[in-house]
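If you want the building blocks of each chain, they are given just below.
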Amino acid sequence: MDQSKVEKIKSLPQYHQLVKERSGLAWGLSIAMLVVYYGYILLLAFDPAFFTTIVGGEHISIGFPVGVAIIVFAFLLTGYYVRKANADFDELTAQIKKEVE
Amino acid sequence: MTTMTKTLFALMGLLFAPLAFAAGIDMEAPAEKVTNWSAISMFIIFVGATLYITYWAAKRTKSAKDFYAAGGGITGLQNGLAIAGDYMSAASFLGITGMVYLKGYDGLIFAIGFLVGWPIILFLMSERLRNLGKYTFADVAAYRFQQKPIRVLAAFGGIAVVILYLIAQMVGAGKLIELLFGLDFNYAVVLVGVLIIAYVSFGGMLATTWVQIIKAVLLLSGSTFIALAVMYQMGFSFETLFKTAVENRGGDMNILYSGGFVSDPINAISLGIALMFGTAGLPHILMRFFTVPDAKEARKSVFYATGFIGYFYILAFIIGFGAIALVVASEYMDGAKLIGGNNMAAIHLSHVIGGDFFLGFISAVAFATILAVVSGLTLAGASALSHDIYANVINPNATEQQETKIAKIATLVIGGLAILFGIGFKDQNIAFVVALAFTIAASANFPVLIMSMFWSKMTTRGAVIGGWLGLISAVVMVILGPVVWTQILGMGDAIVPYKFPALFTVVIAFVGIWFFSITDKSARAKEDIDGFEAQFIRSQTGIGAEGAANH
């Protein structure tokens, strides 16, 4: 990529919007995932008694819905990111490409 | 060492089934080998189908881009299945179900650790990798830097991970096949080696991807069937499933709770870092992002992969509990233990559910899984040799034909090495190799890769010194750790009390990169820093990125 193209892209408001929105979303969701996962690990480490709570019938302990919820949460986060990226980021990228090509 | 840390290590060992196989943990050879004909005939059907795919792919594999990246024409869904396939190795299928069978709830905790790296890879890496790279992750790591030293570092880190992972897979494969099919170990290893050389050298990435997709579909549908059959027998009630399981364990409710798996937070977090960042540094996984046409398909592939892997782990959990509840007949037991060890829980369960025929199907799927994963590893290793070392360091003027030829020779070399190592390490304790593979991937490959994409002030010197520091500290700390120092060398208490020292080695790599970059005042450093802007713009927009081949 030559310098004139770099300068041109840098001058586009769409480019700054793309970088700002994508970085914000990507780091925000990454932090959400890390907080949930390490929160779970720390809860297991420091309050194992919490996981002996029975939440359904006589044998369904709270760990099962929590564990499945983390897996589903991870999947939903990826789904949310992909939806947002497909809708907004690709549109912005297309506008940037149109401006410079 | 406390009992709790011992339990933790035992659990880690179980999960990484190849090392469990190799270490002989809960994995005795059966008294006499029974040739399982339904498994063998189903396996032959699978091999026939994959060889036909290889033939089909070979006709379409003409250019270097076809060989390394399947022409860049794989869709997001296909790539998602292939990534999930790479991740759902026989180790994870048999290991996680076996761990749930042994420990109950703790198996689920481990599975979650394997999954949570994927969203992070999506958010921070997948699109950027696709926009910047061509064939290997070194293309991205070396993008704006002096090519040779970074390529050598990345190829070294990549090949080290591939070889270590291959040893674990091959030894695990030989033992598994010996058990399931009654085939001789050496014969099984040679068979795997010859087949993967054929897939990779003739069919390249296209054949490797389709073998992986077929296997992923077989594994997912087989697991779904087992889990549904378990739930059907339990009247689709988790209460009944858990109740029956607890009754079979003499009323021990502890399988429903966490059994002290994370009693040592430092170990748990270090393991979490190794799994999470190690995954983001595995060359055969990173390579898959170059097989899709654009960033959009790259991110879709991680979305699908996360879904398939998460779904698979939930199934593995049901299967593990199903095995506790249903695998009770004396024909499966050797005293109080399962015949063949805990890692055979899913295999025995498949026999309970579907008799000899279904046992044969699941055994064939397990073998197919090994073939597919080993193919992906071999291709990644061959690419590092031919693309990074040959075409970028030894002979930068190489034509595409020369490079592809070297890639095929490299496939033969890596495949041959896999056979030799598989046989050579047969009776060795190879438990350390998986720890080492993940720790190197997390401490050498990942820091250089992620910093090259995100940190504008990184220089060639910083990347090279930091990367090598990460690699060397990973090797040293694994050697001084409990597996090699205490178990293999018998030197007494480990100097480094962590099986996965990633918490420290990853930090060493990052600090090394940071320090040797900011103190670098050379002319090259200025060039490296000046190059960031154009690289960043390409990583964000995909302008100038490799397109798909049109044919």
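Refer to the structure presented above.
This report concerns the structure included in the present document. Just so we're clear, the structure is a prediction, and the values are computed from it rather than from any experiment. (Residues numbered from 1 in each chain as written. Chains lettered and ligands numbered in written order. Predicted model: local features only at pLDDT ≥ 70, side-chain atom pairs only at ≥ 80, totals over all residues.)

What follows concerns the overall build of chain A. Counting secondary structure elements, chain A contains three helices and two strands. When the helices and strands of chain A are read in sequence order from the N terminus, they spell out α-α-β-β-α. Since a compact globule built from 101 residues should have a radius of gyration of about 13 Å, the 21 Å found for chain A marks it as more spread out than a globular shape. Based on the C-alpha atoms only, the size of chain A along its principal axes is roughly 65 × 25 × 20 Å. Per-residue burial for chain A yields a buried fraction of 29% across its 101 residues. (Helix = DSSP H or I, 4+ residues; strand = E, 2+ residues; numbered from the N terminus. Rg over C-alpha atoms; globule rule 2.2 N^0.38 Å. Buried ≥ 20, exposed ≤ 12 C-beta atoms within 10 Å, placed from the backbone.)

Residues and elements named next belong to chain B. Spanning 50 residues, helix 16 (residues 345–394) covers only 49 Å between terminal C-alpha atoms, well under the ideal 74 Å at 1.5 Å per step. Gly354 marks the point of greatest bend in helix 16, at about 135°. In terms of burial, helix 16 is a largely internal element, 43 of the 50 residues being buried. (Expected span 1.5 Å × (residues − 1). Bend = angle between axes of the 7 residues up to and from the residue.)

On to the environment of Val352(B). All names here are of chain B. Positionally, Val352 belongs in helix 16. With 22 C-beta atoms counted inside 10 Å, the residue Val352 sits in the buried group. For the pair Val352 and Asn254, spaced 98 residues apart in sequence, the C-alpha to C-alpha distance is 25 Å. In this structure Val352 touches Leu326 and Val327, once residues within four positions along its chain are discounted. (Contact = placed C-beta atoms within 7 Å.)

Before going further, it helps to examine the packing of helix 11 (residues 185–233) of chain B against helix 17 (residues 400–424) of chain B. All names here are of chain B. Here helix 11 crosses helix 17 at 165°, and the two axes come no closer than 9 Å. Taken together, helix 11 and helix 17 sit at an angle that is classed as roughly antiparallel. Every pair of crossing elements has a handedness; the one defined by helix 11 and helix 17 is right-handed. Residues Asn186, Val189, Val190, Gly193, Ile196, Ile197, Val200 and Ser201 of helix 11 form the contact with helix 17, whose participating residues are Lys408, Thr411, Leu412, Gly415, Ala418, Ile419, Gly422 and Ile423. (Axes fitted to C-alpha atoms, helices over the stretch in contact; angles between N-to-C directions. Parallel < 35°, antiparallel > 145°, perpendicular 65-115°, else oblique. Left-handed = near helix turned anticlockwise from the far one by under 90°.)

Counting residues at the interface gives 45 residues for chain B and 41 residues for chain A. Of all the secondary-structure elements, those providing two or more residues to the side of chain B that touches chain A are helix 7 (105–115), helix 8 (117–132), helix 12 (238–248), helix 13 (265–279), helix 15 (295–326) and helix 23 (532–541) of chain B. The leading source of residues in the side of chain B that touches chain A is helix 15 of chain B, at 10 residues. Considered class by class, the residues forming the side of chain B that touches chain A number 28 nonpolar, 10 polar and seven charged. (Nonpolar A, V, L, I, M, F, W, Y, C, P; charged D, E, K, R; others polar.)

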